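Summary of structural features
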Amino acid sequence: MPPTNDQRGRLIALEGTRATDLRRAMERTRPRRHPLRAAGGVSWWDASGTFYEMWLGKRRHLTPSPRTLLLLYASDLSFRLRWEIQPALAAGRTVVAAPYLESAIAFGRASGLSRRWLAELFRFAPQPDLCYRVKEGKKSSGWKGKPTDGFAEFCSAVLSETAPSFNSVDLRAAMMALLDASERRRACRRLAS
Amino acid sequence: MTRQPARARKPSLSKEVLDLLHKREATRGLLIAFEGPDGAGKTTQRKLFRRWLEGQGHTVTTTKWASSPLVRPLIKARKRARALGAEELCLLQAADFRHRLEQDVLPALWRGRTVLADQYLFTGLSRDAARGLDFDWMLHVYGPLFWPDIVFYFPISLDIAAQRVASKRSPKYYEAGQDVTNVADPLSSFRQFQARVMREYENLALVFQFLTIDGEQPIYEQHKRIRKLFLEGSRRVWGEWNAEALAEWLTLGVGRQEVKHASHE
């Protein structure tokens, strides 16, 4: 029997610029926030293996632009929705998605892409029930993690090799400012430490 | 060439970029797309036309659908596993398209080479629309659009398409649209799916004013018509049609290098 609206699960988005912070927050969020729904799932970046495969297999062709990277992120998100998020929600479970929409949109805006294009690109993804902004560590630096750790780390590694004027510290600062703005307009809440 | 479809919205661009595009207009290459359903004979005509163009002194680059070394292996592996949803397939193909546009097509055009696209974005639009995706969303996904100078369209009947494809091999799972038709027999599914694709192509041909080549005519007759239409044709002025896509490319690594390279020539 399909679940009724009351039984439908909840989608919680965690947004931030560093995979380390997102992972830490995800571990905390899952059991603590929803103890009655401890069986809930998580949906982590690159569940489809798209970015991992690209990094492993075709480094010499790894010259995508920010727009191409976002198209690939959207395809991975479509995979996550189809195989992880929607089945769990339909079964009445809570799913924590890290990252979800806001981080990718912040990356796109910080790279100079239009708000309208980004909104249209992610139109297929349902809005989360709750969106949390994770606490950012090492705010004044770029990304130090491995490219396969997270979306922003991957983009930083790729763009630093291909775009002559790319500066990871500036990009991360711009992404953080955009996530701050989404917090101010209450699209995301600050996740308590 | 042709009457032109409604003009693309002209974005507000810096004078510097518009000047650069204006200066390049005279020496840039032409982008010519070959579109039509599977089995229409696009590749045969593209090869013949390439030879003829080279004989006329053009330097020619060819780009094929879903062929970028970055994304092709991903699409291939996922197709083999039959693991792709309609949206995911559309987005991967759009990523492939964007990557080829930025890395291969635009640099070649900028250097004055003629680019032949064996299937262009209209292939993605017609197939994805046949899979039930929203047309407006797809146009955004492929945006900012880069319009070819000429689109040759090869309509054929469903029977001929099925006959030509089946004479070589059984249609593949996604080619036959089995992901959306749920029909077990590949050829029956191909017929169902291609009927939808052809309907979408007909709409696109009307809206975007493709140059139609009857794909059921003898091969040489088609080739002669392509030559004739090409010689009568005119280009789409970059500054009016493709300014937004080019402005973005010019700010990227590859585009910048091209401009630098050109200024040293």
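Data block above holds the structure.
What counts, and where the lines are drawn
In every chain, residue numbers begin from 1 and rise along the written sequence. Whichever chain is written first becomes A and whichever ligand is written first becomes 1, with later ones labelled in order. Selection of residues for local features in this predicted model requires a pLDDT of at least 70, selection of side-chain atom pairs for listing and counting requires 80 or more, and totals for whole chains, interfaces and linings are taken over all residues. Hydrogens are left out, water is left out, and the side-chain values use all remaining heavy atoms of the structure. Put simply, DSSP marks the helices as runs of H or I at least four residues long and the strands as runs of E at least two long, and each gets a number from the N terminus on. Only protein chains enter the accessibility calculation, which uses a 1.4 Å probe; a residue is then buried when its area is under 20% of its type maximum, exposed when over 50%, and partly exposed in between. Whether two residues are in contact is decided by their heavy atoms: any pair within 4.5 Å suffices. Per-residue accessibility takes into account occlusion by the displayed protein chains alone, with areas from the Shrake-Rupley method and a 1.4 Å probe. A 3.5 Å cut-off defines polar contacts: any pair of N or O atoms within that distance qualifies, except that in protein one atom must be a possible hydrogen donor and the other a possible acceptor, and neighbouring residues in sequence count only when both atoms are side-chain atoms. Two strands pair if DSSP finds at least two bridges between them. The term buried area means the drop in 1.4 Å probe accessible area that two parts suffer when joined, counted for both and summed. Salt bridges are defined by distance alone: a side-chain nitrogen of Lys or Arg within 4 Å of a carboxyl oxygen of Asp or Glu. Among the buried residues, those of types Ala, Val, Leu, Ile, Met, Phe, Trp, Tyr and Cys that are joined through side-chain atoms within 4.5 Å form a nonpolar core.

The subject of this paragraph is the overall build of chain A. Scanning chain A from N- to C-terminus turns up seven helices and five strands. When the elements of chain A are put in sequence order from the N terminus, they spell out β-α-β-α-α-β-α-α-β-α-α-β. The buried share of chain A, reckoned over its 193 residues, is 54%. For chain A, contacts bridging at least 24 residues in sequence account for 82% of all contacts bridging at least 6. Taken as a whole, chain A presents about 9,000 Å² of accessible surface, with 50% of it coming from carbon and sulfur.

For the rest of this paragraph, the subject is the side chain of B:Asp38. Residues and elements named next belong to chain B. Tracing the backbone through its elements, the reader meets Asp38 in the loop between β1 (31-35) and α2 (42-55). On the basis of relative accessible area, Asp38 is assigned to the buried category, the value being 11%. At 3.1 Å, the side chain of Asp38 forms a polar contact with the side chain of Arg127. There is a polar contact of 3.3 Å between the side chain of Asp38 and the side chain of Gln194. The residues contacting Asp38, other than those within four sequence positions of it, are Gln119, Arg127, Ile156, Ala161, Val165, Glu175, Phe190 and Gln194.

With that out of the way, let us pick up the pairing of β1(B). Residues and elements named next belong to chain B. Of all five residues in β1, five are buried; the element is thus mostly enclosed. Side chains Leu31, Ala33 and Glu35 of β1 all project onto a buried face; the interleaved residues Ile32 and Phe34 project onto the opposite face, where all are buried too. Of the strand pairs in this sheet, β1 and strand β3 (residues 114-118) are connected by four bridges, and their pairing is parallel. Residue pairing across strands places Ile32 opposite Leu116, the latter belonging to β3. Examined bridge by bridge, β1 and strand β4 (residues 150-153) share four bridges and lie parallel to one another. In the strand pairing of β4, Ile32 is matched with Ile150.

Quick look at the interface of chain B and chain A now. On the chain A side, the residues contacting the 30 residues of chain B number 32 residues. Interface area, chain B with chain A, both sides summed: about 2,600 Å², of which 58% is carbon and sulfur. For the pair chain B and chain A, the interface holds four salt bridges. Going through the elements one at a time, α3 (72-80), α4 (86-110), α6 (135-141) and α13 (253-264) of chain B are the ones with two or more residues in the side of chain B that touches chain A.

A word on the side chain of B:Ser126. Residue and element names in this part refer to chain B. Tracing the sequence through the fold places Ser126 in helix α5 (residues 121-130). Only 3.1 Å separates the side chain of Ser126 from the backbone oxygen of Thr123, close enough to count as a polar contact. The residues contacting Ser126, other than those within four sequence positions of it, are Val197, Glu200, Tyr201 and Leu204.

Moving on: the nonpolar core. By size, the foremost hydrophobic cluster in this structure holds 103 residues, and its most contacted members are A:Leu70, A:Tyr100, A:Phe122, B:Tyr120, B:Phe122 and B:Phe146. Of the residues forming this core, the biggest block, 14 residues, is contributed by α4(B). Within the second largest apolar cluster, 20 residues are counted, among which are B:Leu30, B:Phe152, B:Ile156 and B:Ile213.

Attention now goes to the sheet that holds strand β1 (residues 11-15) of chain A. Residue and element names in this part refer to chain A. Spatially, the five strands line up as an open sheet ordered β2-β3-β1-β4-β5, and their pairing is parallel. Where the open sheet ends on each side, the last strands, each with one partner, are β2 (41-44) and β5 (189-190). Summarising the sheet, β2 and strand β3 (residues 95-98) pair through four bridges and their orientation is parallel. Counted as the bridge partner of Trp44 is Ala98 from β3.

In short, the description is geometric, and any link to function would need to be established separately.
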